[in-house]
Amino acid sequence: MSTIESLATKTPLRTPARFLIGENAPILLIIALHGAAVLAVRDWIGYDGLAHPLYFQQWTKLYLVMCPILMIAGILFMIVHRTNDWHERRLLLQQATSTNRIATFTSGLVLLMALMLFMGSFTTFKTMMPTLRGGFLYDRAQADWDAWLHFGHEPWTLMQGWLASDWIRQAIEFNYNVVWFLVCFLPLFWIAVSPRASAIRTRYFACFTLGWIVIGNMLALAWISAGPAFYHHVTGDMERFAGLLAFIAQGEGSAHSAARFQDYLWSTYTRGDMAFGTGISAFPSMHVGLAALNAVFLFDYSRRLGAIAFAYLGLVLASSVYLGWHYAIDGYVSILVVVALHLALKGIEGRSSRIKAS
């Protein structure tokens, strides 16, 4: 029997129900508990907004249409280029459409759709946070901590001297708005639907969901702040970040302008509107947190890829300060939380494996 034939016949039989109920259950439980808590808080304060419908079109288009099409095209491309023998191609296609693969794919899509609801709950809570706390309370203190930690300097001033050019700003804006999204959200599909990712699936999605909850909801609510771009709005101090805002405003006409998006966020906040990706929160940084999540998992898989991912994490952290979205401490705290979550979940996973083996 050829290697291809053995691959096609040795795939273990698994059902979608087993994946959905067994392996996805912890993540679905986290999503359900978080959603129920958000709805309870929403009813308690009498908040009218609900962000869940905002994610339906974009999320389903990405994960139910675009990503599956790309995956199918990739599978067919690999089959055609791996062998010229039609019998072997048939066996490879049989392997790609095996019960195991279909079960994994089906339950992965279910998990991704559950995450759509999770992101709706997250955004709903994020938009409620200023109401819950009576505004943005900690910008002045966090800006002071930032300056103290960097030896009396505002971190953004340390980059402006040698990065203050239009093309650098535009490149950083493109990375922050477009590349970051692809790097942080496309892997979700592969990890959800690929059998090769089964060893890390539960831990990755547990870290993903708990990261959004701990960083983006709990800590963000406890020490609520708006960030340097909105510092003048929430403190009345027009001078402290005036130089940074003037520099960012120079790119207002560019395709991925940070200044234009910041104006949009503030206007939706002041009007009380809710839209896809809205809500203002600086501390800690989810942009940095998601980059850190991928970095720690890639480092476990490959030290070389991990080093590249950590370099990219450094770029995202610096960019968040450079574009006025965050204080530097927002990124530092996010990295610490993600590493702590990753190590804790890895430890729990290891203990569970040892118990099952004994």
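Right above here is the structure, for reference.
None of the values given here were measured: they were computed from a predicted structure. (Residues numbered from 1 in each chain as written. Predicted model: local features only at pLDDT ≥ 70, side-chain atom pairs only at ≥ 80, totals over all residues. Heavy atoms only, no water.)

Visitor: Would you mind showing me how to read the overall build of the protein here?
Guide: On a plain count of helices and strands, the protein comes out with 16 helices and 0 strands. Rg of the C-alpha trace for the protein: 23 Å, near the compact-globule value of 21 Å for 358 residues, within the 12% margin. If you line up the protein on its principal axes, its C-alpha atoms span 75 × 50 × 40 Å. When the 358 residues of the protein are sorted by exposure, 49% land in the buried category. (Helix = DSSP H or I, 4+ residues; strand = E, 2+ residues; numbered from the N terminus. Rg over C-alpha atoms; globule rule 2.2 N^0.38 Å. Buried < 20%, exposed > 50% of the residue type's maximum accessible area, 1.4 Å probe, protein only.)

Visitor: Could you clarify how one ought to interpret helix α13 (residues 258-271) in this entry?
Guide: For an α-helix the count is 3.6 residues per turn, leaving residues at separations of three or four pointing the same way. With 14 residues, α13 should reach 20 Å at 1.5 Å per residue; the first-to-last C-alpha distance of 20 Å fits that figure. For α13, every residue scored as buried is listed here: Ala 258, Ala 259, Gln 262, Leu 265, Trp 266 and Thr 268. Of the surrounding secondary structure, the elements contacted by the buried residues of α13 are α9 (166-193), α11 (231-235) and α12 (242-249). At the N-terminal boundary of α13, the capping side chain belongs to Ser 257, with an oxygen 3.3 Å from the backbone nitrogen of Ala 259. Just downstream of α13, Gly 272 is the residue with a positive phi angle, here 80 degrees. (Expected span 1.5 Å × (residues − 1). Contact = heavy atoms within 4.5 Å. Polar contact = N/O pair within 3.5 Å; in protein donor to acceptor, adjacent residues only side chain to side chain.)

Visitor: Any chance you could explain the environment of Ser 121 here in plain terms?
Guide: Relative to the assigned elements, Ser 121 resides in helix α6 (residues 99-133). A relative accessible area of 5% places Ser 121 in the buried class. As a C-alpha pair, Ser 121 and Ile 31 span 90 residues in sequence and 8.8 Å in three-dimensional space. The residues contacting Ser 121, other than those within four sequence positions of it, are His 34, Gly 35, Val 38 and His 52.

Visitor: Can you walk me through the nonpolar core in this structure?
Guide: Considering soluble globular proteins, one finds that nonpolar side chains tend to be buried as a cluster. Of all hydrophobic cores here, the largest spans 90 residues; its most connected members are Trp 59, Tyr 63, Leu 112, Phe 185, Phe 205, Trp 212 and Leu 290. Element by element, the count of residues in this core is highest for α6, at 13 residues. Setting aside anything within four residues of it in sequence, one finds Leu 290 in contact with Trp 180, Cys 184, Phe 185, Phe 208 and Trp 212. (Core = buried A, V, L, I, M, F, W, Y, C linked by side-chain atoms within 4.5 Å.)

Visitor: Please clarify how the state of the cysteines should be interpreted in this entry.
Guide: Put plainly, two cysteines are in a disulfide when a covalent bond ties their sulfur atoms together. This model, assessed by the stated rule, comprises 0 disulfides. Sulfur of Cys 207: no disulfide; nearest cysteine sulfur belongs to Cys 184 and is 13 Å away. Among the residues examined, Cys 207 registers a relative accessible area of 3% and is labelled buried. (Disulfide = S-S within 2.5 Å.)

Visitor: How should I be thinking about unusual backbone geometry in this particular structure?
Guide: Trans is the common state for peptide bonds, and a negative phi is the common state for residues other than glycine. Omega for the bond connecting Phe 283 with Pro 284 falls within 30 degrees of zero, at -20 degrees, which places this linkage in the cis form. Mapping Pro 284 onto the fold places it in the loop between α13 and α14 (286-301). Phi is positive for Phe 151, close to 60 degrees, though the residue is something other than glycine. Looking at where Phe 151 falls in the secondary structure, it is placed in the loop between α7 (139-149) and α8 (155-163).

Visitor: When you look at the side chain of Ser 257 in this model, what are you seeing that I'm missing?
Guide: Examined against the element boundaries, Ser 257 turns out to sit in the loop between α12 and α13. On the accessibility criterion, Ser 257 (3% relative accessible area) is buried. Filtering out sequence-adjacent residues up to four positions away, Ser 257 remains in contact with Glu 173, Gly 251 and Glu 252.

Visitor: Help me out: how do you make sense of the packing of aromatic side chains in this one?
Guide: For any two aromatic rings, the description comes down to two numbers: the centre-to-centre distance and the angle of the planes. Taken as a whole and assessed by the stated rule, the structure comprises 21 aromatic pairs. Aromatic pair Trp 59 and Phe 185: ring centres 6.3 Å apart, planes at 85 degrees, arrangement edge-to-face. One end of the pair, Trp 59, is in helix α4 (residues 52-82); the other, Phe 185, is in helix α9, with 126 residues separating them in the sequence. By relative accessible area, Trp 59 is classed as buried at 6%. Ring plane angle 75 degrees and centroid distance 5.9 Å describe the contact between Trp 180 and Phe 185, whose orientation is recorded as edge-to-face. (Phe/Tyr/Trp six-rings, centres within 6.5 Å; stacked < 30°, edge-to-face > 60°.)

Visitor: What is the right way to look at a nonpolar patch on the surface in this model?
Guide: Residues Leu 64, Val 65, Met 66 and Ile 69 make up a contiguous nonpolar surface patch of about 360 Å² in total accessible area. Along the chain, Leu 64 turns up in helix α4. In this structure Leu 64 comes out as partly exposed when scored by relative accessible area, which is 39%. (Patch = residues over 30% accessible without salt bridge, like charges linked within 9 Å, V, L, I, M, F, W, Y side chains within 5 Å. Areas by Shrake-Rupley, 256 points an atom, 1.4 Å probe, with all protein chains shown as cover. Salt bridge = Lys/Arg side-chain N within 4 Å of Asp/Glu carboxyl O.)

Visitor: Help me understand the pattern of salt bridges in this model?
Guide: Two side chains of opposite charge can pair, provided their charged atoms sit close to one another. A complete count under the given rule lists 6 salt bridges for this structure. Across the salt bridge formed by Arg 42 and Asp 43, the nearest N and O atoms sit 3.7 Å from each other. Where salt bridges share partners, they join Asp 144, Glu 154 and Arg 240 into one cluster.

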